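Listed here are the chains, written in short residue letters.
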Amino acid sequence: NENTNIDWQNLFYNKSSIVTDHTLSISGGSESGSYNFGGGFYQNQSLIPTQQYKRFALRGSVDQQVGRYIRIGFTTNNNYNISEGNQVGIYGILSTTPIASPYATGSTGDSLKRTVKMPMDETFVLTNGVVKNLQSQWLNETRGYATYNSIYGEVKIPWVDGLKFRTNLGLD
């Protein structure tokens, strides 16, 4: 059809996407030590239907002088993340010609499956409604957790000015 001009990307991508990033922290200190604790939430809802990434983070650190010669402290950084819908490919949307006439090959709820006849074969093209209707049937999800921790102890050698002994222990 000479009058066909389909914007496949317009039929596929979400019309809007939201990125949210919130952090809250508290810190303080004195001559003998300091502390810092915080947390955060990050969410990125993709323009690709069903794709999103969420991350929850907690961190903390303490640095404290104990007596005249000893200093101790720790640092911890932790995050938990969830990634959804990464299997949704966009090759069909990007490679389908806008002058190809689609035809219906079935329905998933209120969204028509669209097939396009290409020179060598027929291509099934995902649209926004098709992906959203299939979400519970094929949406993949990946979860991850990471923790990075360290603790240290430091002793000043009293008879040698500026000399210290320090031990670090870390766990990831």
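Here the structure is a predicted model, which is why all the values come from computation and not from measurement.

The rules we used
Residues numbered from 1 in each chain as written. Predicted model: local features only at pLDDT ≥ 70, side-chain atom pairs only at ≥ 80, totals over all residues. Heavy atoms only, no water. Helix = DSSP H or I, 4+ residues; strand = E, 2+ residues; numbered from the N terminus. Buried < 20%, exposed > 50% of the residue type's maximum accessible area, 1.4 Å probe, protein only. Contact = heavy atoms within 4.5 Å. Phe/Tyr/Trp six-rings, centres within 6.5 Å; stacked < 30°, edge-to-face > 60°. Lys NZ or Arg CZ within 6 Å of the ring centre and 35° of its normal. Core = buried A, V, L, I, M, F, W, Y, C linked by side-chain atoms within 4.5 Å. Pairing = 2+ DSSP bridges. Axes fitted to C-alpha atoms, helices over the stretch in contact; angles between N-to-C directions. Salt bridge = Lys/Arg side-chain N within 4 Å of Asp/Glu carboxyl O. Polar contact = N/O pair within 3.5 Å; in protein donor to acceptor, adjacent residues only side chain to side chain.

Description of the overall build of the protein chain
Consideration 1: Looking only at helices and strands, the protein chain features 3 helices and 9 strands.
Consideration 2: Along the chain direction, N to C, the helices and strands of the protein chain fall in the order α-β-β-β-β-α-β-β-β-α-β-β.
Consideration 3: Per-residue burial over the protein chain gives 28% buried out of 172 residues.
Consideration 4: Look at the contacts in the protein chain between residues 6 or more apart in sequence, and 54% of them connect residues 24 or more apart.

A short note on the packing of aromatic side chains
Consideration 1: Inspection of every chain in the model, using the stated rule, returns 5 aromatic pairs.
Consideration 2: Through successive ring pairs, a cluster of aromatic residues spans Phe-41, Phe-56 and Tyr-80.
Consideration 3: For Arg-166, the ring lying beneath its charged end belongs to Tyr-152, and the centroid distance is 3.8 Å.

Topic: the nonpolar core
Note on soluble globular proteins: their nonpolar side chains tend to be buried together.
Consideration 1: Core analysis: the biggest nonpolar cluster contains 13 residues, and Trp-8 and Phe-12 have the highest contact counts within it.
Consideration 2: Those elements giving two or more residues to this core turn out to be helix H1 (8-12) and helix H3 (128-138).
Consideration 3: Per-element tally for this core: the top contributor is H3, with 3 residues.

Re the sheet that holds strand E2 (residues 33-45)
Consideration 1: Read across the sheet, 6 strands follow the order E1-E2-E3-E4-E8-E9 without closing on themselves; strand pairing throughout is antiparallel. At either margin of the open sheet sits one strand with a lone partner, and together these are strand E1 (19-30) and strand E9 (164-171). The average undirected angle you get between the axes of adjacent strands in this sheet is 5°.
Consideration 2: In the sheet, strand E4 (residues 70-84) pairs with strand E8 (residues 141-156) via 15 bridges, with the strands oriented antiparallel. When the sheet's bridge partners are listed, Arg-71 is paired in E8 with Glu-154.

Quick word on the pattern of salt bridges
Consideration 1: Scanning the entire structure with this criterion turns up 4 salt bridges.
Consideration 2: For the salt bridge of Asp-63 with Arg-71, the shortest nitrogen-to-oxygen distance reads 2.7 Å.
Consideration 3: Overall, Asp-63 belongs to the partly exposed group, its relative accessible area being 24%.

Here we look at unusual backbone geometry
Consideration 1: Of note in this structure, Thr-50 is not a glycine but carries a positive phi near 70°.
Consideration 2: Taking the relative accessible area as the measure of exposure, Thr-50 reaches 14% and is therefore buried.

Digging into the environment of Asn-10
Consideration 1: Its location among the elements puts Asn-10 in helix H1.
Consideration 2: On the basis of relative accessible area, Asn-10 is assigned to the partly exposed category, the value being 44%.
Consideration 3: C-alpha of Asn-10 to C-alpha of Asn-128: the two residues are 118 residues apart in sequence and 8.8 Å apart in space.

A few points about the pairing of E8
Consideration 1: Two elements, E8 and E9, share 8 bridges in a ladder whose sense is antiparallel. Within E9, the residue paired with Asn-149 across the bridge is Leu-171.

Here we look at the side chain of Asn-78
Consideration 1: By secondary structure assignment, the location of Asn-78 is in strand E4.
Consideration 2: A distance of 3.5 Å separates the side chain of Asn-78 from the side chain of Tyr-145, its partner in a polar contact.
Consideration 3: In this structure, Asn-78 is in contact with Phe-56, Ala-57, Leu-58, Tyr-145, Ala-146, Thr-147 and Asn-149, ignoring residues within four places of it in sequence.

Some details on the side chain of Glu-154
Consideration 1: With respect to the helices and strands, the residue Glu-154 is situated in strand E8.
Consideration 2: A distance of 3.3 Å separates the side chain of Glu-154 from the side chain of Arg-166, its partner in a polar contact.
Consideration 3: If sequence neighbours within four positions are ignored, Glu-154 has contacts with Tyr-69, Ile-70, Arg-71, Lys-164, Phe-165 and Arg-166.

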